[in-house]
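Observations on the model geometry
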Amino acid sequence: MYICSFQRFAKTFHPFYKQKPQVTESIHKQFVSQLQVSIKEDIAQIMEEGNLQAKLQELDRLEAASQDSAEPAWRPSGVPEEDFGGFVAPYYLQQREYLRKELKKLQRENASLAQSVLAGREAVARTEQHIARSLEEWQVRWPLDSQ
């Protein structure tokens, strides 16, 4: 570790080093030792908190699996629109097919409903004609006096 080198440490604390070089060297060794312990503890804590060990094992597993593959790994082209388009194209094709099926289903349903409406209109027209004939017959039988 260049940052923890004794020369740099001695240069930083030069007046003290000049007076007591052995004590300065002992302090440096203790400092480096405590720094290493502290770094190891921090790394262990980070690994525990982020479940890093499991993630690193998974990364190792993925790396080993990728080495068995003869196919090169996918890499982005640098054009996000193209990369994203290639990713979502199968989804869009699937959605288009689904929407076509739904459209055909709705068109069949609309045709059926249109036939029902037409039949209903014909029934209303027949009923109107029947009412009109019944009214005419009633008026013939029971004419209203116009006085």
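No experiment lies behind these values; they were computed from the predicted model shown. (Residues numbered from 1 in each chain as written. Predicted model: local features only at pLDDT ≥ 70, side-chain atom pairs only at ≥ 80, totals over all residues. Heavy atoms only, no water.)

1. Focus on the overall build of the protein
Note the threshold: Secondary structure elements are taken from DSSP: a helix is a run of H or I of four residues or more, a strand is a run of E of two residues or more, and numbering for both begins at the N terminus. Values of the radius of gyration come from C-alpha atoms, whereas the globule rule sets the reference at 2.2 Å times the count of residues to the power 0.38. Computed with a 1.4 Å probe, the accessible areas rest on the Shrake-Rupley method; for each residue, only the protein chains presented here act as cover. By the counting scheme adopted, Arg and Lys are positive, Glu and Asp are negative, and His together with the chain ends is not counted. Positions of charges follow a simple convention, taking NZ of Lys, CZ of Arg, CG of Asp or CD of Glu.
Helix and strand counts for the protein stand at 5 helices and 0 strands. The N-to-C order of helical and strand elements in the protein reads α-α-α-α-α. Its C-alpha radius of gyration of 45 Å places the protein more than 25% over the 15 Å reference for a compact globule of 147 residues. Considered along the principal axes of its C-alpha atoms, the protein spans approximately 145 × 55 × 30 Å. Split by element, the accessible area of the protein, about 13,800 Å² in all, is 58% carbon and sulfur. Each charge class in the protein can be summarised by its mean position, and for the 19 positive and 21 negative side chains these summaries are 6 Å apart.

2. What about a positive patch on the surface?
For the record, the criterion: For patches, a residue must show more than 30% relative accessible area and have no salt bridge; joins then use 9 Å for like charges and 5 Å for nonpolar side chains, namely Val, Leu, Ile, Met, Phe, Trp and Tyr. We define a salt bridge as a contact between a side-chain nitrogen of Lys or Arg and a carboxyl oxygen of Asp or Glu at a distance within 4 Å. To sort residues, take the accessible area from a 1.4 Å probe on protein chains only and compare it with the maximum for the residue type: under 20% means buried, over 50% means exposed, and anything in between is partly exposed.
Taken together, the side chains of R96, R100, K104, K105 and R108 define a basic patch exposed on the protein surface. A relative accessible area of 43% places R96 in the partly exposed class.

3. Quick notes on helix α5 (residues 80-141)
Going by this rule: Expected span of a helix: the number of residues minus one, times 1.5 Å. Throughout, bend refers to the angle between the axes fitted to the seven residues that end at a position and the seven residues that start at it.
Over its 62 residues, α5 runs 86 Å from end to end, which matches the ideal 92 Å to within 8%, given 1.5 Å per residue. At V88, α5 shows its maximal bend, which comes to roughly 45°, and the proline P90 appears one to four places after that position.

4. Some points on the pattern of salt bridges
Under the criterion given, the structure shown has 1 salt bridge. Between E58 and R61 there is a salt bridge whose closest N-O contact spans 2.5 Å. Of this pair, E58 and R61 are both found in helix α4 (residues 52-68), 3 residues apart, which corresponds to roughly one turn of the helix. Residue classification places E58 among the partly exposed residues on the basis of a relative accessible area of 34%. Residue classification places R61 among the partly exposed residues on the basis of a relative accessible area of 48%.

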